Amino acid sequence: MDEFVVKILSIEKLTHDVNKIRVERPEGYDFIPGQATEVSINRADLKDERRPFTFTSLTEKPYLEFMIKSYDNHNGVTKIIGTLKQNDELILHDVWGAISYKGQGIFIAGGAGITPFISILRDLRHKNKLNGNQLIFSNKTKQDIILNAELSEMLGNNFINVLTREKAKDYFFGRIDASFLKAQIKDFNQCFYVCGPDEFVKEIDSILTTLGAKPDTIVFEK
Ligand SMILES: Cc1cc2nc3c(=O)[nH]c(=O)nc-3n(C[C@H](O)[C@H](O)[C@H](O)COP(=O)(O)OP(=O)(O)OC[C@H]3O[C@@H](n4cnc5c(N)ncnc54)[C@H](O)[C@@H]3O)c2cc1C
């Protein structure tokens, strides 16, 4: 398996626990919007600790970008990633992933599960093909929403924000359940893209199928 050592070009806080990290792009290193790679930190004690992260940059950019949520309450890799600085090195591996754009539809994301959709939605906007796609994005509170302003600007009324632990004006409150999806979605005969914690994906997949979506039109990381 190939390994690519890359320097961090910039690291910037997006939310209280998510960093946007741009790194050098190795020559010929290509990806399809929605895909991911395993990343490790280029330090003797951490080289073998690989974790999957999704590219969020446009495929045309000369750099690669990730948005990485750090879990500071336990000593995992993402906690250390949150302390990295410009010029520190990461190791990237092969590109893989099952999530890619298959046609107009509804994107449903929970928390950091938005990352493959950021890449896909940015790509669609870049190609002027974003029209008609809709995003339902669930987070605990407003301060957890990654790229709220950019997503609002991109999608307008087709961006539906749901909060599970904070009540706020213009935001839906509560878990995404069957009655919520039935109220929001007019047509179940289109593509669905689901990404988030395992339980979230399982639950939404099951609700969508019950409401009439065909299993082969529901795209998620298996
Ligand atoms: C295909 C794919 C793409 C992904 N893309 C992204 C992305 O773009 N951005 C992103 O932020 N994430 C992404 N993830 C998730 C990311 O890979 C994980 O958050 C990361 O691997 C966690 O690494 P870790 O070493 O910090 O935690 P690990 O030690 O690997 O633990 C995994 C999870 O268990 C929980 N956990 C384990 N132990 C404890 C503990 N003691 N206390 C509290 N919680 C605990 C944490 O919630 C953590 O998420 C992706 C996952 C997949 C499968």
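Keep in mind it's a predicted model, so treat the numbers as computed, not measured. (Residues numbered from 1 in each chain as written. Predicted model: local features only at pLDDT ≥ 70, side-chain atom pairs only at ≥ 80, totals over all residues.)

Draft legend 1. Geometry of the sheet that holds strand E8 (residues 134-139). The six strands are arranged E10-E9-E8-E7-E11-E12 in an open sheet whose pairing can be described as parallel. Only two strands of the sheet have a single neighbouring strand rather than two, namely strand E10 (172-173) and strand E12 (218-219). Of the strands in this sheet, strand E7 (105-110), E8 and strand E11 (191-195) are in contact with helix H2 (residues 115-126), which crosses E11 at around 140 degrees. (Pairing = 2+ DSSP bridges. Helix = DSSP H or I, 4+ residues; strand = E, 2+ residues; numbered from the N terminus. Contact = placed C-beta atoms within 7 Å. Axes fitted to C-alpha atoms, helices over the stretch in contact; angles between N-to-C directions.)

Draft legend 2. How the structure looks around the pairing of E7. Taken across its six residues, E7 has six buried, putting it largely inside the fold. Across five bridges, the pairing between E7 and E11 is parallel. Bridge assignment links Ala109 to a residue of E11, and that residue is Cys195. Examined bridge by bridge, E7 and E8 share five bridges and lie parallel to one another. Across the sheet, Ile108 pairs through a bridge with Ile136, a residue of E8. (Buried ≥ 20, exposed ≤ 12 C-beta atoms within 10 Å, placed from the backbone.)

Draft legend 3. Main features of the domain arrangement of the chain. If you check the domain split of the chain, you get domain 1 (4-96) and domain 2 (105-219). The distance between the C-alpha centroids of domain 1 and domain 2 comes to 24 Å. On the domain 2 side, the residues contacting the 13 residues of domain 1 number 13 residues. Of the residues belonging to the side of domain 1 that touches domain 2, the class tally is six nonpolar, six polar and one charged. (Domains from an automatic or database assignment. Nonpolar A, V, L, I, M, F, W, Y, C, P; charged D, E, K, R; others polar.)

Draft legend 4. Quick look at unusual backbone geometry. Despite not being glycine, Asn128 shows a phi value in the positive range, around 60 degrees. Summarising the element assignment, Asn128 is placed in the loop between H2 and E8. Unlike most non-glycine residues, Asp170 shows phi in positive territory, near 70 degrees. Assignment of secondary structure puts Asp170 in the loop between strand E9 (159-163) and E10.

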